[in-house]
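# Close look at the chain arrangement
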Amino acid sequence: MEISERNQHGARQWWALLGFAAAVFVAAAIGGLGVRGTGAEYAALEQPAWAPPSWLFGPVWTLLYALIALAGWLVWRRVGFGAALVAWTVQLVLNAIWTPLFFGAGRYGLAFAELVLLWLAIAVTVVLFDRVRRLAAVLLLPYWAWVTFAGALNFAIWRLNG
């Protein structure tokens, strides 16, 4: 491979990483629109004693979104777009939908049902990613764990406020 071809290939790789980051950013932004102006409403909800402080969600999701983007990019680098990245896209869309359901619409039961679908979509994505690149699957494990915790929190809030 010539130097110019290698440079073009390298540039393409970095642009692709930016593309994955942009896709995750869009999902996060959609979720962010769902929480605008809902801080007081969320604070007024009856919550379980083990609910984390609301300031923790931003830093946790920032890290998780970076891991989600990186995992998708690693799989794309190995096999391009295929079943694994279709699953990645599905879980990302479900991720974006949950926040407006929970915060914007206040539909805690429906948000919980949607979160169960998200959890299953992450499971499928982890399995498919593991077949392509183990590191990509491992990068999704903190996200899967956090969504598990979020599901328990969503369920508790639904039951306490339903």
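Residues numbered from 1 in each chain as written. Predicted model: local features only at pLDDT ≥ 70, side-chain atom pairs only at ≥ 80, totals over all residues. Heavy atoms only, no water.

### With respect to the nonpolar core
- The biggest cluster of nonpolar side chains holds 51 residues, and the ones touching the most others in it are I68, W88, F102, F129 and Y143.
- Breaking this core down by element, the ones donating at least two residues are α1 (3–35), α3 (57–79), α4 (83–104), α5 (108–132) and α6 (134–161).
- For this core, the element with the most residues is α3, which contributes 12 residues.
- Those residues in contact with Y143 that sit more than four places away from it in its chain are W61, L64, I68, Q91, N95, L118 and I122. (Core = buried A, V, L, I, M, F, W, Y, C linked by side-chain atoms within 4.5 Å. Buried < 20%, exposed > 50% of the residue type's maximum accessible area, 1.4 Å probe, protein only. Helix = DSSP H or I, 4+ residues; strand = E, 2+ residues; numbered from the N terminus. Contact = heavy atoms within 4.5 Å.)

### Here's the deal with the pattern of salt bridges
- Using the criterion set out here, one finds one salt bridge in the structure.
- Among the ionic pairs, R134 bridges to D130, the shortest N-O distance being 2.7 Å.
- For D130, a relative accessible area of 31% puts it in the partly exposed group. (Salt bridge = Lys/Arg side-chain N within 4 Å of Asp/Glu carboxyl O.)

### Examining the confidence of the model for the protein chain
- Summarising the model, the protein chain shows a mean pLDDT of 90, and 91% of its residues fall at 70 or more.
- Considering each helix and strand of the protein chain separately, the mean pLDDT is smallest for α1, with a value of 78, and largest for α5, with 98. (pLDDT = per-residue confidence, 0-100.)

### A closer look at α4
- Spanning 22 residues, α4 covers 32 Å between terminal C-alpha atoms, matching the ideal 32 Å at 1.5 Å per step.
- Immediately downstream of α4, the backbone of G106 shows phi near 65°, a positive value. (Expected span 1.5 Å × (residues − 1).)

### A closer look at the packing of aromatic side chains
- Taken as a whole, this structure holds 19 aromatic pairs when the rule is applied.
- Ring geometry for W146 against F149: centres 5.3 Å apart, planes inclined by 40°, an arrangement best described as tilted. Of this pair, W146 and F149 both sit in helix α6, separated by three residues, roughly a single helical turn.
- Judged by its relative accessible area of 14%, W146 is buried.
- Its relative accessible area of 27% is what places F149 among the partly exposed residues. (Phe/Tyr/Trp six-rings, centres within 6.5 Å; stacked < 30°, edge-to-face > 60°.)

### What to know about the environment of Y108
- Among the structural elements, Y108 can be located in helix α5.
- Every residue in contact with Y108, bar those within four places of it in the chain, is listed here: E41, L45, F102, N154, W158 and N161.

### Description of the side chain of N95
- Tracing the backbone through its elements, the reader meets N95 in helix α4.
- Those residues in contact with N95, other than ones at most four positions away along the chain, are W61, Y65, E114, L118 and Y143.

### Brief notes about the side chain of Q91
- Mapped onto the secondary structure, Q91 falls in helix α4.
- In this structure the side chain of Q91 is engaged in a polar contact, spanning 2.5 Å, whose partner is the side chain of Y143. (Polar contact = N/O pair within 3.5 Å; in protein donor to acceptor, adjacent residues only side chain to side chain.)

### Description of the packing of α3 against α4
- Interhelical geometry of α3 versus α4 gives an angle of 160° and a closest axis separation of 10 Å. With respect to α4, the element α3 is oriented roughly antiparallel. In this structure, α3 meets α4 at a crossing whose hand is left-handed. Residues W61, Y65, I68, A69, G72, V75 and W76 of α3 form the contact with α4, whose participating residues are A84, L85, W88, Q91, L92 and N95. (Axes fitted to C-alpha atoms, helices over the stretch in contact; angles between N-to-C directions. Parallel < 35°, antiparallel > 145°, perpendicular 65-115°, else oblique. Left-handed = near helix turned anticlockwise from the far one by under 90°.)

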